[in-house]
There are 2 protein chains.
Amino acid sequence: MSSRQKILDTAAALIHTRGFYHTSIRDILQAASVTKSNFYYHFESKEQLAFVVLGERMRQFYAIAIGPSIDNHELGPLERFEAFFDRILAIGRSEAGELGCPFGNLAQEISAVHEPLRRVLSTFFEACTEAMERCFEEGMGTGVFPPELPAKQLAGFIFAQIQGAFLLRKTYKDPEVLESNIGMLRGLIRDWSGRPRSPTMPSP
Amino acid sequence: MSSRQKILDTAAALIHTRGFYHTSIRDILQAASVTKSNFYYHFESKEQLAFVVLGERMRQFYAIAIGPSIDNHELGPLERFEAFFDRILAIGRSEAGELGCPFGNLAQEISAVHEPLRRVLSTFFEACTEAMERCFEEGMGTGVFPPELPAKQLAGFIFAQIQGAFLLRKTYKDPEVLESNIGMLRGLIRDWSGRPRSPTMPSP
DNA sequence: GGTTTAGAACCAACCGGTCGGCACTATCCG
DNA sequence: CGGATAGTGCCGACCGGTTGGTTCTAAACC
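Criteria and thresholds
- Residues numbered from 1 in each chain as written.
- Chains lettered and ligands numbered in written order.
- Predicted model: local features only at pLDDT ≥ 70, side-chain atom pairs only at ≥ 80, totals over all residues.
- Heavy atoms only, no water.
- Contact = heavy atoms within 4.5 Å.
- Buried area = accessible area lost by both parts, 1.4 Å probe.
- Salt bridge = Lys/Arg side-chain N within 4 Å of Asp/Glu carboxyl O.
- Near = heavy atom within 4 Å.
- Polar contact = N/O pair within 3.5 Å; in protein donor to acceptor, adjacent residues only side chain to side chain.
- Helix = DSSP H or I, 4+ residues; strand = E, 2+ residues; numbered from the N terminus.
- Nonpolar A, V, L, I, M, F, W, Y, C, P; charged D, E, K, R; others polar.
- Expected span 1.5 Å × (residues − 1).
- Buried < 20%, exposed > 50% of the residue type's maximum accessible area, 1.4 Å probe, protein only.
- Domains from an automatic or database assignment.

1. Regarding the interface of chain B and chain A
Tallying the contact residues gives 48 residues for chain B and 48 residues for chain A. Around 4300 Å² of area is buried between chain B and chain A when both sides are counted, 65% of it from carbon and sulfur atoms. Summed over the three residues of chain B that lose the most area to chain A, namely Q108(B), F157(B) and Y172(B), the buried surface amounts to 16% of that side. Across the contact surface, chain B and chain A share 2 salt bridges.

If you want it as structure tokens, here you go:
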């Protein structure tokens, strides 16, 4: 693997676990076995590295988790959400999932102190939410969801729920939290679609 | 105000905005106009300061936001949740609310790197969730909520939602996110209680 | 031969933390 | 009553180490 890629990968991992400001360039370079001069040959600063790492991971996440589920027009809207939750759960169950959502972590850390990075994350979050919103709207068009559904509000609600669940999964060090919250979301989506609920969910 | 209290207050504010690791003792002392030796007279380390600040704020939050609402036995279970949401919204609308939830922020920052602080926050989160759980159970006993309600799961769901909403409110720099998500929660609670929904919420 | 890498020395600024000492007050003892 | 003692609150100077970032030479590699 190229030095540049080694830096990017170890930087992503270290920033995920320790946070951006709590990770020094020396930490990254030592873990990646790359010299400092080499780092500054490939990147112009620690800040620019953050943009590159973030951009790479955003594309990666969208391609793995959202593209094949929420954006997958071969599935019906309900199946898309199911597939999406499956992928979120797979991430949450993995070793990296114990560290929380890398984007949520970074957003928490820098939103109040680094406006340019905040804007990148904000745009990315909006893109994810809008993908869900479109999924709802399509379902409203085909009758899977009732036509009066507040699609945007629901999409934002689901996104916030997932972020909160990842935070608690990290704080409690317990993957069960994610399972429970995603289970609740599955039940709610079925509710909104008018389908019967799963047996573990309460009926109003 | 005593030097000690000045340190505690400015430390709480700075940690809230910049994070614990991204806030230096010098930053705190300069903002509080207190000298370093004076700091080390009152606190034994930056780490210990974190525990003191956190403990103070946790007590404060519980007394202001949960005690008079979720734990208020003069109100019915539904009214307690309403009162709780009112208080959460008031915090979210305030200037400090723009910085997200101080506990959620800290949990995000230290959960993976500082086990003792993580444990304090984890216990605190559990206490908040259990307060809601008890509220649900009381309502189930008096018939306000149906008896088969999964109280613990719902309490965890609400807590995660609030945390996620605060994170997005911070990332988007938009208080509306919180309003919308809390509005959704209000609707869900009414659903679970069997009462009629508010008009902006979709009916299953 | 241009791209990539290694190595090392170096910088100013900053980090958490320590040092001895200086006022002020309250108490105790003769 | 007066002087020694002890505790409190505070100060400026200073410590070793780390931070992000720079600059150089020289060797690999395609």
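2. Examining the protein's contact with DNA strand C
Neighbouring DNA strand C are 15 residues, the closest being S37(A), Y41(A), H42(A), K36(B) and K46(B). Considering the 4 Å shell around the protein, atoms of DNA strand C inside it are sugar or phosphate in 53% of instances. Take H42(A): an N or O atom from its side chain is 2.3 Å from a phosphate oxygen of DNA strand C. Within the side chain of R26(B), one N or O atom sits 3.0 Å away from a base nitrogen of DNA strand C. If you list the elements that add at least two residues to the surface near DNA strand C, you get α3 (36-42) of chain A together with α2 (25-32) and α3 (36-42) of chain B. Per element, the largest residue contribution to the surface near DNA strand C is 4 residues, and it comes from α3(A). Residues that form the surface near DNA strand C fall into these classes: 3 nonpolar, 9 polar and 3 charged.

3. A look at helix α8 (residues 151-172) of chain B
Residue and element names in this part refer to chain B. The end-to-end C-alpha distance of α8 is 31 Å, a good match for the 32 Å that 22 residues give at a rise of 1.5 Å each. Of all 22 residues in α8, 21 are buried, a share of seventy percent or more. Just downstream of α8, K173 is the residue with a positive phi angle, here 55°.

4. As for the side chain of H16(A)
Residues and elements named next belong to chain A. Turning to its location among the elements, H16 is positioned in helix α1 (residues 3-18). Only 2.7 Å separates the side chain of H16 from the backbone oxygen of G100, close enough to count as a polar contact. In contact with H16, other than residues within four places in its own chain, are A96, L99, G100, C101, P102 and N105.

5. Structural notes on the domain arrangement of chain A
Residue and element names in this part refer to chain A. By the assigned domains, chain A splits into domain 1 (1-43) and domain 2 (45-193). Measuring from the centre of the C-alpha atoms in domain 1 to the corresponding centre in domain 2 gives 27 Å. With 20 residues of domain 1 at the contact, the number on the domain 2 side is 21 residues. Here domain 1 packs against domain 2, burying approximately 1600 Å² in sum over the two surfaces, 69% of which is carbon and sulfur. A per-residue breakdown of the area domain 1 buries against domain 2 is headed by H16, F20 and Y21, which together make up 42% of the total. At the junction of domain 1 and domain 2, the tally comes to 1 salt bridge. Here D9 and R57 are joined by a salt bridge, their closest N and O atoms 3.2 Å apart. Where domain 1 meets domain 2, there are 7 residue pairs in polar contact (both at pLDDT 80 or more). Elements that contribute at least two residues to the side of domain 1 that touches domain 2 include exactly α1, α2 (25-32) and α3. For the side of domain 1 that touches domain 2, the element with the most residues is α1, which contributes 10 residues.

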